[in-house]
Amino acid sequence: VQLQASGGGLVQPGGSLRLSCAASGRIVSINNMGWFRQPPGKQRELVARISSSGNTNYADSVAGRFTIVRGNAENKVYLQMNNLKPEDTAVYYCNADIGTSLYGSSPYWGQGTQVTVSS
């Protein structure tokens, strides 16, 4: 199983970016999917998460600016980031809880994509 993230880059404050993450491999089921980020010199933190039924939760710092959406048919998850701020600068990682058999599931991580917000 692999998670492939894309969509990062350099953007000015107030701008927008859309991150994408695709899961591939021998996937039986996908439960929660989400995005985490790790700012320079800080610990990794949850940004947004979406359940298999579409329930979402967001970090307080991004609520109202970021939107997480999943494309279940494609095993994908997206993060639309609007009104970006310099403090959003971080490496963003996608995460998914994936079952590869009928029993149990495990967390998988994408490779990370850099988002830099700077003028």
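For the structure, check the block above.
Residues numbered from 1 in each chain as written. Predicted model: local features only at pLDDT ≥ 70, side-chain atom pairs only at ≥ 80, totals over all residues. Heavy atoms only, no water.

*Asks:* Can you walk me through the side chain of Asp-88 in this structure?
*Replies:* In this structure, Asp-88 sits in the loop between β8 (76-81) and β9 (90-99). A distance of 2.8 Å separates a polar atom in the side chain of Asp-88 from a polar atom in the side chain of Arg-65. Sequence-distant contacts of Asp-88, defined by excluding residues within four places in its chain, comprise Arg-37, Val-62, Arg-65, Phe-66, Asn-83, Val-115 and Val-117. (Helix = DSSP H or I, 4+ residues; strand = E, 2+ residues; numbered from the N terminus. Polar contact = N/O pair within 3.5 Å; in protein donor to acceptor, adjacent residues only side chain to side chain. Contact = heavy atoms within 4.5 Å.)

*Asks:* Could you clarify how one ought to interpret the state of the cysteines in this entry?
*Replies:* By definition, a disulfide links the sulfur atoms of two cysteines through a covalent bond. A complete count under the given rule lists one disulfide for this structure. Here Cys-21 connects covalently by a disulfide to Cys-94, the sulfurs 2.1 Å from one another. Judged by the sign of its S-S torsion, about 50°, the bond between Cys-21 and Cys-94 is right-handed. Here Cys-21 is found in strand β3 (residues 17-24), whereas its partner Cys-94 is found in strand β9, with 73 residues between them in sequence. The pair Cys-21 / Cys-94 is uniform in exposure class, with both members buried. (Disulfide = S-S within 2.5 Å. Buried < 20%, exposed > 50% of the residue type's maximum accessible area, 1.4 Å probe, protein only.)

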